[in-house]
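Coordinates in review
Here's the letter readout for the chains.
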Protein chains: 4
Amino acid sequence: MEIFDRLESEVRSYCRSWPAVFNEAKGSYLYDEAGHPYLDFFAGAGSLNYGHNHPEIKTKLIEYLMSDAVVHSLDMYSAAKREFLRTFGEVILQPRGLDYKIQFPGPAGNNAVEAALKLARKYTGRETVISFTNAFHGMTLGALAVTGNSMKRGGAGVPLNHAATMPFDNYMDGQTPDLLWLRSLLEDSGSGLDKPAAVIVETVQGEGGINVASPEWLRGLADLCKEYEILLIVDDIQMGCGRTGSFFSFEESGIVPDIVTLSKSISGYGLPMALTLFKRELDVWEPGEHNGTFRGPSPAFVTGTAALDTFWRDDRLEKEIRVKGDIVQAKLREIADEHPELGLQTRGRGLAHGLVFERPEVADSVCEEAFKRGLLVETSGPEDEVVKLLPALTISTGDLERGLDILAEATRAATKAPQPA
Amino acid sequence: MEIFDRLESEVRSYCRSWPAVFNEAKGSYLYDEAGHPYLDFFAGAGSLNYGHNHPEIKTKLIEYLMSDAVVHSLDMYSAAKREFLRTFGEVILQPRGLDYKIQFPGPAGNNAVEAALKLARKYTGRETVISFTNAFHGMTLGALAVTGNSMKRGGAGVPLNHAATMPFDNYMDGQTPDLLWLRSLLEDSGSGLDKPAAVIVETVQGEGGINVASPEWLRGLADLCKEYEILLIVDDIQMGCGRTGSFFSFEESGIVPDIVTLSKSISGYGLPMALTLFKRELDVWEPGEHNGTFRGPSPAFVTGTAALDTFWRDDRLEKEIRVKGDIVQAKLREIADEHPELGLQTRGRGLAHGLVFERPEVADSVCEEAFKRGLLVETSGPEDEVVKLLPALTISTGDLERGLDILAEATRAATKAPQPA
Amino acid sequence: MEIFDRLESEVRSYCRSWPAVFNEAKGSYLYDEAGHPYLDFFAGAGSLNYGHNHPEIKTKLIEYLMSDAVVHSLDMYSAAKREFLRTFGEVILQPRGLDYKIQFPGPAGNNAVEAALKLARKYTGRETVISFTNAFHGMTLGALAVTGNSMKRGGAGVPLNHAATMPFDNYMDGQTPDLLWLRSLLEDSGSGLDKPAAVIVETVQGEGGINVASPEWLRGLADLCKEYEILLIVDDIQMGCGRTGSFFSFEESGIVPDIVTLSKSISGYGLPMALTLFKRELDVWEPGEHNGTFRGPSPAFVTGTAALDTFWRDDRLEKEIRVKGDIVQAKLREIADEHPELGLQTRGRGLAHGLVFERPEVADSVCEEAFKRGLLVETSGPEDEVVKLLPALTISTGDLERGLDILAEATRAATKAPQPA
Amino acid sequence: MEIFDRLESEVRSYCRSWPAVFNEAKGSYLYDEAGHPYLDFFAGAGSLNYGHNHPEIKTKLIEYLMSDAVVHSLDMYSAAKREFLRTFGEVILQPRGLDYKIQFPGPAGNNAVEAALKLARKYTGRETVISFTNAFHGMTLGALAVTGNSMKRGGAGVPLNHAATMPFDNYMDGQTPDLLWLRSLLEDSGSGLDKPAAVIVETVQGEGGINVASPEWLRGLADLCKEYEILLIVDDIQMGCGRTGSFFSFEESGIVPDIVTLSKSISGYGLPMALTLFKRELDVWEPGEHNGTFRGPSPAFVTGTAALDTFWRDDRLEKEIRVKGDIVQAKLREIADEHPELGLQTRGRGLAHGLVFERPEVADSVCEEAFKRGLLVETSGPEDEVVKLLPALTISTGDLERGLDILAEATRAATKAPQPA
């Protein structure tokens, strides 16, 4: 590993929790160079919802590459892009009655967010964007301004402006009515909040600690946006593509966002790709007003199309997620009950779950103990106090239960181990 | 093409100049669905320096994918990443005496720029970044603030701050001594320019119209930065990876930037990948202070390694670029001489060249006529007045000359055609 | 009045409510050119706490001017400034145990606020300043950023940044615990609120509609600031100099702000003058780091000294204010009780009171009817729904009661009058 | 002086150069408490163009105050304001053919500048304001952003945005054509300069070191503004009211600014007062959109009217200024010639002159030696390298020559004195 130390920046992070050099990957397993398997409850932070190297998707990808089909083509028309558009329209948009236009804003989630923010500001002629406590939307300057984490914000090196933070659902433990503060600010012309262009929200905050917004709160938020003509952006980068059960995480609540961002699992294979979706009437972009080199990642179009074909033409995956989600929830409750002294809470929806520790250092130890036992699982939340479970949606029930058992064991080990001073 | 109209955002752009649906690609040729070939003098805006689907790189990529090696792994350690780091160190950094640390800031060039700006601000504790007239550094909010184009800046929807624009080399046609204005501002505590964190510069401005900075100007700039303890960032996203002759575009001038950004051709295959390089002492990042989902694009590591192995272990490619560059330059001069009435200028370095028209609409017609004749070539510059030639570095002499002949013909056709009112 | 129409900007405002040309003034009365008297319940928006042209202060001022003493001297030492400093120290600071340094930041309240914000940011090295809903701190760009009124904010023509708005005491009608939101944001490193430099607060919001902060809330705020090492700025420009009973409006609550701004009545005679006070250890200004032309308004030093000598060397004025405040409150309750259909509320402290109407247009009519009857009284609040009473502190009981009777009558007249559609 | 040390903030500045306590003042003389006279070549930084306590103005002021006329009336109509408006229209605007509306933006120059910037941004809908190297426009956040001095900018504690600095006339010693850089930026849609709302300029930079813009440069600037529909703001706070010869400093050049700011000597007596003038069509303010407490300083209206009546109803003062200006210039040249080793330059217009030293510490010593000899004169310029002469316009020829002789002597003394290491 010497070469990483010598050449790679100190900014590297996950490798510090999991000091192994990974080489192969298949389904829910990663393997280090010695062939040691690791059960993956992290799934590329939600980028591998269908597991590693899914065989059907892989076949399509290799076929495509073998045929010398175009790999890079900026935003030129390509057969691969057309196929993706057609499939996305047919499989995702039409059945849900969503009349969205699709922008390919660049390869990463932050590109999707930056494009969404720019479009919302251009369309409304306003600057302020409302975001929520413990939101995570990306590391580029526009996206970072609507991200909550103070360490990451500090990395900007300039003040982050044109944004205002509001309490996420249940932020103050029910001590104040839902959305009262935001509504009060909007109603009052003397509140000091400049009329916002948009609200950006995750329905479940992944990096923020698996904070789940209730359908009621989301509907209240959508109504408030409509009432004050503020655009509603759902950032579905981590929670979209089935993570919470349905393809879009907001389906359960019945709201229809004005703008939606997708990335991570949209390519189905871990390849960089991102989408910004918006209502047809919002498509006020000038040609080329937002551009970039990697807006036409054809291999990702191919794998993305394959993923939609494989998993979203019927409701089998959705049903499976529900069943597996129940398994996770039950097991997490069991772990919580086993350790009353830890004051554990459980949170989650679909296959995004969190085990919340009072003391962050215990959460950290649990992950460390899990790694020793061959389970990859990470913390999130403002104090890294939440063990976050994001298994592949395609994980087998056996592997799921195996992983949860390791987690239970790791919790026991962590709590028995002498704690750091 | 109806599906593009119906589903893709109006922001799409290149497809408007080249109304074809591309499907296959090989070397310097793209093919539309009917199999019609197009000679590519655009090379993915500099992302395909080694042509489309280079066979050796392709073989490595397919082998990798076939073996179920890890495709997505955030910033975990992987064998593919190690191999890329080792090769980049051995083939690029060591021979050039560059003691840089490497950051994988995300998949796109704008991620590399955003990370560079953040690091420069964090390291210096200052906010202002100097950029140059007609600079292009990307569409995310931090990168856009140091980009010159007014249409793209307008897309931000918020004022773009913490930046100051300075004249690029020869901006005012020799009517003022090099760097006099910047030096005056820095010398004068009453100038109104807050002490900058960094200067960000392209040695040849691609989007800006193939504006070439002289080695003397670059050295003057580097000296000024040193004198005032300002970090020098070279954005080598479009002009790196051999485009100007050497691997880094700044080698000819002898300067050693504090920070370098790379993307586009670094993967060698058109796959999204970006690097931020910086002097060892600048590596003040906290772990995870800048993060993102696609920082470990293993397939791109594999193709990037293959590209370095194939092209940069000896100086054959560098020599070839020089020879081909001379061919381009000679032919462009010929075209200019053929049309004295057009007042044509030629500019360029390595295999980045521009044919500058007085009237932008003529440049536009030339590209249109070229497309009709099977040549892909695009305009750049603030008024789109420059026909920009970025052929693959690996193009055969025959294809190069063929393309230049088409360009000559297109120029003739464009100037004979009745002009738009 | 033609000359005003022709030459004065449309920005003029109070003259629209009170279409008279005023000429003389004495105590609580203004007189128009025809000699018609107006009882003044506005007192220069709190700038004339001791009434118009108070005879003792006037004598001192004229003596000073007659003697050819220095009138303008920037921040040079002058005998008049020394006398003011000595008196302010002796009469105000020492008896209250306040070890403040005094800055003369310029002639207007906004200068005092700008200096306070600059000093707080310089001292802490942070940027964000917390302000409150319906706050008013001034029209210059720094002060405007912490002001709530949307019309006035819109006048900036640029986004107003480096500030965050929080709920003032009782903003959400007791539906949420005091200061819970601010405390939650400060506690949570993922909240999205960058650590603030300072909090700026009015203990009673004058322009905001006579919103009175309770002593408990102010103490809670001060404690929170101390806990998180945030500077507490009390803007006492309108509510200082005895308006609420004590010299500083915060005395009742027992808090000791880090920084205090004073202006308006500090000169005692309506002459432009402002002070920024701060704890000795905060005096980190470089000489001349904040400057300006009118920082040494000697005539105002003289009148200010006279006012302190006349009114603040004993507690007679304080006691009087309390008595008169009770009279006002009783009368306002009476008016409210007389008009149950109007849903009137009363608010206030000392001699700052508000009669709150549900329908702003009624409040407006009341002021209009009062003017017709020779009483000057204005509205405030986000919708101009509050009739604001700021009589001189020195008003006679007879005049006070007379004014309140006119107000009662005006209310009757306004509610009988046909309402605008 | 102990009381100043103990109670006044470290920010105090002029008192450090002139350690005396001033008490009386008359014409061109200030007197300390011991009655020691100081000849004033500073004139309140241009606030006392008619000297201290001018007898005719004083008489009017005392009459006004004695009569219990209104002193403070916000922006209500008053007889004193009407009289000022009428006189300003009649004496200043009409004869010069200027159809300006008048705004009373607050008592200080910075209020006039803030109002000008806000109005320009509101009217144009743009944000950026162009200012010049070594400009000084004030200490409030909006005005500070267009001020050059780095120490004062640093006091803001936040980045200063929405502004861009350009070279003042002759900034680069004739090495570049006038206005070439600004014109280039405006012409080029890729320059990175967002289209400006306004340009703000001083025709002679006082704080910046008596830098004189030529009439040609000013006309070129005005033409450029017209061509690009950018508003031209002349900040005449220090150089207006006759300082350069004519009432407005821009008259000589023949330009007609869109907006003009006045303060300092406009009240004629050193009382705080400021005006923002603008072309009638720019008066797009909403009533009350910019407000403030001290917008109706009646005593200053009275003294300002008296000053206009006394000095501007004929051209005697203008002629005198020219004569006295020649005297100053001749004497400064003499001093420069006497000290060839110092490389002195002289600059100036009207009665604003500068003696420019190569070494700032010599300029400082000259002022110190002058003070010892009873002459008040201060430095300006980015390095405080310019001895700035701003005598009262009404100074007698005898006093003027006396002061210049002291300056000559002080220069001799300073250059003989051992220099600081």
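Let me begin by describing the structure that accompanies this report. Just so we're clear, the structure is a prediction, and the values are computed from it rather than from any experiment.

**Quick notes on the sheet that holds strand E1 (residues 21–26) of chain B**
Overall, mixed pairing links the 5 strands, which are arranged E4(A)-E1(B)-E2(B)-E3(B)-E16(B) in an open sheet. Strands at the two margins of the open sheet, each flanked by one partner only, are strand E4 (77–78) of chain A together with strand E16 (375–376) of chain B. Taken together, the 4 bridges between E1(B) and strand E2 (residues 29–32) of chain B define a ladder with antiparallel strand orientation. The residue of E2(B) that forms the bridge with Phe22(B) is Asp32(B).

**A look at the relation of the copies chain B and chain A**
For the pair chain B and chain A, the best superposition has an RMSD of 0.0 Å and corresponds to a rotation of 180° with a translation of 0.0 Å parallel to the axis. On the angle and the small slide along the axis, the relation comes out as a two-fold axis. In terms of proximity to the rotation axis, the leading residue of chain B is Leu141(B), whose C-alpha is 2.6 Å off the axis.

**Focus: the interface of chain B and chain A**
Residue-level contacts link 107 residues of chain B with 107 residues of chain A. Between chain B and chain A lies a buried interface of about 9,600 Å² when both sides are counted; carbon and sulfur atoms form 62% of it. In this assembly, chain B and chain A are joined by 50 residue pairs in polar contact (both at pLDDT 80 or more). In terms of residues, the side of chain B that touches chain A owes the most to one element, helix H5 (residues 79–93) of chain B, which gives 7 residues. Class assignment for the residues of the side of chain B that touches chain A results in 52 nonpolar, 27 polar and 28 charged. Pairing of strand E1 (residues 21–26) of chain A with strand E4 (residues 77–78) of chain B involves 2 bridges; the strand directions are parallel. Within E4(B), the position partnered with Phe22(A) by the bridge is Ser78(B).

**Quick word on helix H12 (residues 316–338) of chain A**
End to end, H12(A) covers 33 Å across 23 residues, agreeing with the expected 33 Å (1.5 Å per residue, within 8%). Turning to H12(A), its buried residues are Leu317(A), Glu318(A), Ile321(A), Lys324(A), Gly325(A), Ile327(A), Val328(A), Lys331(A), Leu332(A), Ile335(A) and Ala336(A).

**With respect to the sheet that holds strand E6 (residues 129–132) of chain B**
All names here are of chain B. With mixed pairing, 7 strands are arranged side by side in an open sheet as E5-E13-E12-E11-E8-E6-E7. The open sheet is flanked by strand E5 (100–103) and strand E7 (163–166), the only strands paired with a single partner. Taken pair by pair, the neighbouring strands of this sheet meet at an average axis angle of 20°, ignoring direction. Alignment of E6 against E7, held across 4 bridges, turns out to be parallel.

**So, the packing of aromatic side chains**
Residue and element names in this part refer to chain D. On inspection of all chains with the given rule, the structure shows 80 aromatic pairs over all chains. With 6.0 Å between their ring centres and 15° between their planes, Tyr14 and Trp18 make a pair best called stacked. Of the two residues examined, Tyr14 and Trp18, each falls in the buried class.

About the cut-offs
- Residues numbered from 1 in each chain as written.
- Chains lettered and ligands numbered in written order.
- Predicted model: local features only at pLDDT ≥ 70, side-chain atom pairs only at ≥ 80, totals over all residues.
- Heavy atoms only, no water.
- Pairing = 2+ DSSP bridges.
- Helix = DSSP H or I, 4+ residues; strand = E, 2+ residues; numbered from the N terminus.
- Least-squares fit on C-alpha atoms with pLDDT ≥ 70 in both.
- Contact = heavy atoms within 4.5 Å.
- Buried area = accessible area lost by both parts, 1.4 Å probe.
- Polar contact = N/O pair within 3.5 Å; in protein donor to acceptor, adjacent residues only side chain to side chain.
- Nonpolar A, V, L, I, M, F, W, Y, C, P; charged D, E, K, R; others polar.
- Expected span 1.5 Å × (residues − 1).
- Buried < 20%, exposed > 50% of the residue type's maximum accessible area, 1.4 Å probe, protein only.
- Axes fitted to C-alpha atoms, helices over the stretch in contact; angles between N-to-C directions.
- Phe/Tyr/Trp six-rings, centres within 6.5 Å; stacked < 30°, edge-to-face > 60°.

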